[in-house]
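Descriptive analysis of the structure
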Amino acid sequence: MDRVRVLVVDDSAYVRKVVKEMLSRSPAVDVVGTARDGDEALDMVGRLKPDVVTCDLIMPATDGIEFIRRQMAIQPVPVVVVSIAAESSERVLSALDAGAVDFVQKPTALATDKVLDIAEELIAKVKAAAGAPMTRLSHAAVVAAAPVSASFSNRYDLLAIGVSTGGPQGLKSVIPRLPADFPAAVAIVLHMPVGYTEAYAKRLDETSALTVIEAQDAQEVRPGVVLLAPAGRHLTFRRGLDGVVRTHLDVSPLDTPHRPSVDVLFQSAAEVYGDRVLALVMSGMGDDGRQGAAWVKARGGCVLTEAEETCVVYGMPRAVVEAGLSDDSAPLDRLTEAIVERI
């Protein structure tokens with residue numbers, strides 16, 4: 001495989017140096033240049049034709065978001081945002097709206113060696129970004145089509161969704177198209193760092209006919225409400241003696257690669273809802289969701305997967321498909337129809 005050619009953009013000379021050093025640790029990555037701001041980056045992308053750009057957001061003159069918007073209009077290129085969460089969660093979400101592929105959270109704004117802690121994650125996300133379908137991401141900010149209408153047979157009580165890389169953009173093509181009379185509850189695990197899920201839920205709610213909120217503990221699970229698992233805690237379900245299903249948030253189990261985990265969500269959904277679970281696995285690295293999908297299938301539920309051609313990273317859906325657990329696959333622009341047809 002050819003080496004991934006990367007342009008590093010950051011207004012801090014120290015961060016540019018450290019990010020270059022981190023990426024250079026991988027034999028699969030070649031840093032072809034560095035830029036101090038968005039204007040310089042636009043020029044260098046045109047000249048160097050990198051496969052991927054890593055980009056800070058808070059920069060003088062043309063900042064990261066404006067750079068992404070302008071670059072996507074000229075020639076879409078995969079961008080991985082490298083940013084400080086505490087100061088820029090809204091900026092990161094705006095960058096993803098503008099077409100960025102993914103983001104890595106800087107541990108600190110200061111010039112310290114703590115920045116090196118993100119090396120493994122950064123390399124993995126840069127390599128994944130190199131294969132992202134840019135025709136999809138360059139249109140990430142386009143408003144979703146009108147909600148899908150149907151006559152529901154109420155086959156399922158819960159739609160459980162698991163997604164990672166590409167999720168913030170992908171969900172905006174699925175959830176806003178669910179109609180206001182959607183008869184099932186919706187629960188989502190989206191791999192995001194702490195500090196982003198509440199803001200993301202609010203943004204998704206603004207464009208959706210359904211109510212989208214970050215899940216709270218002991219909350220009643222109701223049709224027409226989309227619950228987004230909060231970063232840092234698993235989302236599961238408990239059915240009370242009154243028959244009402246409520247959420248349960250917990251840091252346990254501790255041995256999962258992700259918290260929240262798609263596997264944990266799906267397993268709990270299968271245990272509580274039995275054969276009335278419709279599960280969907282969308283774009284993402286790794287195999288989170290495969291074991292959970294097996295639980296859903298074992299209890300008589302249904303599993304859908306996003307088709308390879310629209311995944312930013314065809315990892316999580318591939319794991320489900322190759323395990324023989326997917327009942328059907330559909331591209332991103334057909335996923336909502338696939339959901340509605342099943343329900």
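The following refers to the structure shown. Note that the structure is a prediction, hence the values are computed from the model and not measured.

To continue, consider the nonpolar core. What tends to happen in soluble globular proteins is that the nonpolar side chains get buried as a cluster. Counting residues in hydrophobic clusters, the biggest one holds 88 residues, and the most contacted among them are L23, I175, F182, V186 and I339. Sort the elements by how many residues they give to this core and helix α5 (residues 119-129) lands first, with 6 residues. Counting residues in hydrophobic clusters, the runner-up holds 30 residues, among them A160, A185, L227 and V272.

Once that is clear, we can look at the sheet that holds strand β14 (residues 328-330). Pairing in this open sheet of 7 strands is parallel, and the strands run β8-β9-β7-β6-β12-β13-β14 from one edge to the other. With one partner strand each, in any of the chains shown, β8 (211-214) and β14 form the two edges of the open sheet. Strand-to-strand twist of the sheet, defined as the mean angle between neighbouring strand axes without regard to direction, takes the value 20°. As paired strands, strand β7 (residues 185-190) and strand β9 (residues 225-228) are joined by 3 bridges and run parallel to one another. Looking at the pairing, A187 lines up with L227 of β9. The sheet contacts of helix α12 (residues 332-342) involve β6 (158-163), β12 (277-281), β13 (302-306) and β14, and relative to β13 the element is tilted by about 170°.

Our focus in this paragraph is the packing of helix α7 (residues 167-174) against α12. Orientation of α7 relative to α12, taken along the N-to-C sense of each, is 50°, at an axis distance of 8 Å. Between α7 and α12, the interaxial angle falls into the category oblique. Remark: the crossing between α7 and α12 carries right-handed chirality. Note on element contacts: α12 touches α7 through L332, L335, T336 and I339, opposite G170, S173 and V174. Grouping the amino acids of the contact of α7 with α12 by side-chain chemistry returns 4 nonpolar, 3 polar and no charged.

Parameters at a glance
- For every chain, the first residue of the written sequence is number 1, and numbering continues from 1 onward in sequence order.
- Local features are withheld for residues below a pLDDT of 70 in this predicted model, meaning they are given only at 70 or higher, and side-chain atom pairs are given and counted only at 80 or more; totals for whole chains, interfaces and linings count all residues.
- Derived side-chain values reflect all non-hydrogen atoms in the structure, with water molecules and hydrogen atoms excluded from consideration.
- Note on terminology: a nonpolar core comprises buried Ala, Val, Leu, Ile, Met, Phe, Trp, Tyr and Cys residues joined through side-chain atoms within 4.5 Å.
- Any residue under 20% of the maximum accessible area for its type is buried, any over 50% is exposed, and the rest in between are partly exposed; the area is computed with a 1.4 Å probe on protein chains only.
- Secondary structure is summarised from DSSP: a helix means a run of H or I of at least four residues, a strand means a run of E of at least two, and numbering begins at the N terminus for each.
- By definition, two strands form a pair when at least two bridges between them are found by DSSP.
- Inter-axis angles, ranging from 0 to 180 degrees, are taken between N-to-C directions of lines fitted to C-alpha atoms, where helices are fitted over the stretch in contact.
- In this analysis, two residues are considered to be in contact whenever any of their non-hydrogen atoms come within 4.5 Å of each other.
- Angles below 35 degrees are treated as roughly parallel, those above 145 as roughly antiparallel, those between 65 and 115 as roughly perpendicular, and all remaining angles as oblique.
- Crossing handedness: left-handed means the near helix sits turned counterclockwise from the far one by under a right angle, and right-handed means the same turn made clockwise.
- Asp, Glu, Lys and Arg are counted as charged, while Ala, Val, Leu, Ile, Met, Phe, Trp, Tyr, Cys and Pro are counted as nonpolar; the rest, among them Gly, fall into the polar class.

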